[in-house]
Amino acid sequence: MLRLLARARVPFDPDIDVRGRELFPDTPALIVSAHFLLNIHMSRWMFDAGRDLTAVLGGEREPMYYSGTLRPVGRIILGPSVLLQMRTVLAEGSNVFIDIETGRMIEGWTPLETAAGRRWVSIKSLKFAKRIGVPVVFASTLIDDRGRMVVTYARPSNDDPEVTLREFCDFFRNEAARVAR
């Protein structure tokens with residue numbers, strides 16, 4: 001229903017419980033997540049707070065809008081210059097959202113067992129964040145057991161990419177287990 005409203009360009013006020021927003025830095029951040037279908041809805045509080053969001057996408061797709069609005073979310077399409085584009089957008093003040101997980105095996109990615117099955121997670125964006133000194137925030141958006149949309153943020157304990165990857169894997173595993181199947 002929510003995607004239908006966005007496609008029809010019908011504004012609405014989503015009711016979203018944001019948990020861990022206080023962990024979100026005042027500066028632009030790299031928001032890392034897995035492929036949770038409702039993740040676009042984390043954009044609404046950013047819109048309301050006057051913060052920009054740019055999503056890294058695997059390919060061209062329909063326009064994405066800040067949840068419930070008619071304002072498009074920025075986009076970067078994966079390709080050879082993705083890190084340069086991410087650095088530019090972060091330097092311009094936008095948060096960047098990227099899924100660092102996939103359901104298919106990719107050489108060099110870390111395998112991870114979750115409630116949704118085996119996934120593979122990449123450390124590349126985490127190394128990039130460390131190199132340019134941008135904070136990392138983990139994110140997921142789910143429907144809780146009461147039927148309410150919940151955005152959850154968490155921060156890694158430090159900026160070491162190996163530690164951040166392990167902590168993201170724990171976060172992802174826990175969030176995937178919360179999805180009703």
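Presented here is a report on the structure given in the accompanying data block. (Residues numbered from 1 in each chain as written. Predicted model: local features only at pLDDT ≥ 70, side-chain atom pairs only at ≥ 80, totals over all residues. Heavy atoms only, no water.)

## Details of the nonpolar core
If you look at soluble globular proteins, the nonpolar side chains tend to sit buried side by side.
At step 1: Of all hydrophobic cores here, the largest spans 30 residues; its most connected members are Leu30, Val32, Met86 and Phe168.
At step 2: Among the secondary structure elements, those contributing two or more residues to this core are strand 2 (30-33), helix 3 (82-91), strand 5 (95-99), helix 4 (124-132), strand 9 (136-143) and helix 5 (161-178).
At step 3: For this core, the leading source of residues is helix 5, giving six residues.
At step 4: Setting aside anything within four residues of it in sequence, one finds Val32 in contact with Ile98, Ile100, Leu126, Val136, Val137, Phe138, Ala139 and Phe168.
At step 5: Of all hydrophobic cores here, the second largest spans 19 residues; its members include Ile31, Phe97, Ala139 and Val151. (Core = buried A, V, L, I, M, F, W, Y, C linked by side-chain atoms within 4.5 Å. Buried < 20%, exposed > 50% of the residue type's maximum accessible area, 1.4 Å probe, protein only. Helix = DSSP H or I, 4+ residues; strand = E, 2+ residues; numbered from the N terminus. Contact = heavy atoms within 4.5 Å.)

## Points about the sheet that holds strand 8 (residues 117-121)
At step 1: Read across the sheet, three strands follow the order 6-8-7 without closing on themselves; strand pairing throughout is antiparallel. Of all the strands in the sheet, just strand 6 (101-102) and strand 7 (110-114) have a single pairing partner and so form its edges.
At step 2: Across five bridges, strand 7 lies against strand 8 in antiparallel orientation. Along strand 8, the bridge assignment pairs Thr110 with Val121.
At step 3: Seen against the sheet, helix 5 touches strand 6, strand 7 and strand 8 and runs at an angle of roughly 25° to strand 7. (Pairing = 2+ DSSP bridges. Axes fitted to C-alpha atoms, helices over the stretch in contact; angles between N-to-C directions.)

## Considering the side chain of Asp17
At step 1: Structurally, Asp17 can be placed in strand 1 (residues 16-19).
At step 2: Setting aside its immediate chain neighbours within four residues, Asp17 contacts Arg148, Met149, Val150 and Val151.

## A short note on the pattern of salt bridges
At step 1: Tallied over the full model, the rule gives 11 salt bridges.
At step 2: Among the ionic pairs, Asp15 bridges to Arg148, the shortest N-O distance being 2.7 Å. Taken as a pair, Asp15 in the loop between helix 1 (2-7) and strand 1 and Arg148 in the loop between strand 9 and strand 10 (149-154) lie far apart in primary sequence, 133 residues in all.
At step 3: Taking the relative accessible area as the measure of exposure, Asp15 reaches 52% and is therefore exposed.
At step 4: Residue Arg148 is classed as partly exposed on the basis of its relative accessible area, which comes to 29%.
At step 5: The residue Arg118 makes a salt bridge to Glu113 at a minimum N-O spacing of 2.5 Å.
At step 6: The partly exposed category is assigned to Glu113, whose relative accessible area is 45%.
At step 7: Among the ionic contacts, a cluster of salt bridges with common partners joins Asp17, Arg19 and Asp144. (Salt bridge = Lys/Arg side-chain N within 4 Å of Asp/Glu carboxyl O.)

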